[in-house]
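Residues per chain, in single letters:
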Amino acid sequence: MVTLDDILAASERIRDMVRVTPVKAAPGLSRLAGGPVWLKCEHRQETGAFKLRGASNAAARLGEVAGVTTASTGNHGRALAHAARQLGLPAVICVSRLVPQNKLDAIRALDAEARVIGASQDEAFDEARRLQREEGFALIPPFDHPDVIAGQGTLGLEILDQIPDAAAIAVPLSGGGLLAGVALAAKARRPAIRIIGISMERGAAMAASLKAGHPVAVPEQQTLADSLGGGIGLKNRLTFGLCRDLMDDLILLTEDEIAAGIRHLSVEEDEMVEGAAAVGAAAILAGRLRAVDGPLVLILSGQNIDPARHAAIVRGAACPTS
Ligand SMILES: *Cc1c(COP(=O)(O)O)cnc(C)c1O
């Protein structure tokens, strides 16, 4: 289990490894939401996403290991590579042959090894497990791990330090590590606070699992919120139960709604975010999220989007789902 004490300890542990990110008021969204809306600018975190918090906490807690490994090529892989470099640990990020060169370059730029194995994400994951079993590496998963959840929870503590009277926090939701950590921290400090999870309609694995009452697999689909894709793991140990118990509301958005969120944050707030990070703004614009009981905090969770694609979306020229 993960407790407030674990999250407080994580805050101490990663203090010198992550940035305290700013919050700022969003007047346009506040008008639409009927009350004060704040942006938690975690997309300005080192490596461009909150994932550095969980990866840093998990890596810093390791004893003697040969190194760290994972099979994520997205924000978690990048975060783990960065955390490992700060700790002087070797990192091997296992990827399939399908992963594009620019992602390999990004991993290698952080002094990690990008090990190209097999033709699917599953085969890459098998190699990460083999490194764990046979070579003494620690496999750090992207969300379903107590140290990762505690690390993401430090974001919840930081939000309440900055907006002590927050009434609700809107959290982009995929595997649920971010939502579980933020909810544990925020509800320990402020039991009445509401935690609202937001995903895309296309391939929302946590939403389908909660509906089914147990973890289920959903087909992956192209989405603007690419960091919210992927499953929650059929053997999910922690985040499924935590999200079921701690989430007060769940909103699912269309691709057009997410595109409008990206556009609004760029044009009105001058913030360049990836699709996953735009879902809170998108929900307000779609009339699905309001701030009637007090301050509403939107977590802008990451900024890792291809700039040309971002520009096309802002111009309204991109077909959102292609
Ligand atoms: C990973 C990620 C999320 C979702 O986090 P989970 O812990 O998997 O729910 C949201 N936004 C961004 C930018 C991410 O990288």
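Our subject is the structure listed above.
Predicted, not measured: the structure shown is a model, and the values here were computed from it.

## Thoughts on the site of the ligand
Here comes step 1: The full set close to the ligand counts 16 residues, and Lys51, Asn75, Ser174, Gly176 and Ser301 are the nearest of them.
Here comes step 2: One of the side-chain N or O atoms of Asn75 is found 2.8 Å from an oxygen atom in the ligand.
Here comes step 3: Between Ser301 and the ligand, the recorded distance is 2.7 Å, taken from a side-chain N or O atom to a nitrogen atom.
Here comes step 4: In the complex, the protein chains occlude 97% of the 380 Å² of accessible area that the ligand would expose alone.
Here comes step 5: Partitioned by chemical class, the residues of the shell around the ligand number six nonpolar, eight polar and two charged.

## Focus on unusual backbone geometry
Here comes step 1: Of note in this structure, Thr47 is not a glycine but carries a positive phi near 70°.
Here comes step 2: Among the structural elements, Thr47 can be located in the loop between strand E2 (37–40) and helix H3 (51–60).
Here comes step 3: Of note, Asp270 is a non-glycine position whose phi angle comes to about 60°, a positive value.
Here comes step 4: Examined against the element boundaries, Asp270 turns out to sit in the loop between helix H11 (255–267) and helix H12 (279–285).
Here comes step 5: The exposure class assigned to Asp270 is exposed, which follows from its relative accessible area of 67%.

## A look at the sheet that holds strand E6 (residues 137–139)
Here comes step 1: Pairing is parallel in the open sheet, where four strands are placed in the order E5-E4-E3-E6. Each having just a single partner strand, strand E5 (113–116) and E6 make up the two edges of the open sheet. Each strand of the sheet is rotated relative to its neighbour by a mean of 30°, with strand direction disregarded.
Here comes step 2: By the bridge criterion, three bridges tie strand E3 (residues 67–70) to strand E4 (residues 91–95) in an arrangement that is parallel. Each residue of the ladder has a partner; that of Val68, found in E4, is Ala91.
Here comes step 3: With respect to the sheet, helix H4 (residues 75–87) is in contact with E3 and E4, its orientation differing from that of E3 by roughly 175°.
Here comes step 4: Of the strands in this sheet, E4 and E5 are in contact with helix H5 (residues 101–109), which crosses E5 at around 145°.

Criteria and cut-off values
Residues numbered from 1 in each chain as written. Predicted model: local features only at pLDDT ≥ 70, side-chain atom pairs only at ≥ 80, totals over all residues. Heavy atoms only, no water. Near = heavy atom within 4 Å. Polar contact = N/O pair within 3.5 Å; in protein donor to acceptor, adjacent residues only side chain to side chain. Areas by Shrake-Rupley, 256 points an atom, 1.4 Å probe, with all protein chains shown as cover. Nonpolar A, V, L, I, M, F, W, Y, C, P; charged D, E, K, R; others polar. Helix = DSSP H or I, 4+ residues; strand = E, 2+ residues; numbered from the N terminus. Buried < 20%, exposed > 50% of the residue type's maximum accessible area, 1.4 Å probe, protein only. Pairing = 2+ DSSP bridges. Axes fitted to C-alpha atoms, helices over the stretch in contact; angles between N-to-C directions. Contact = heavy atoms within 4.5 Å.

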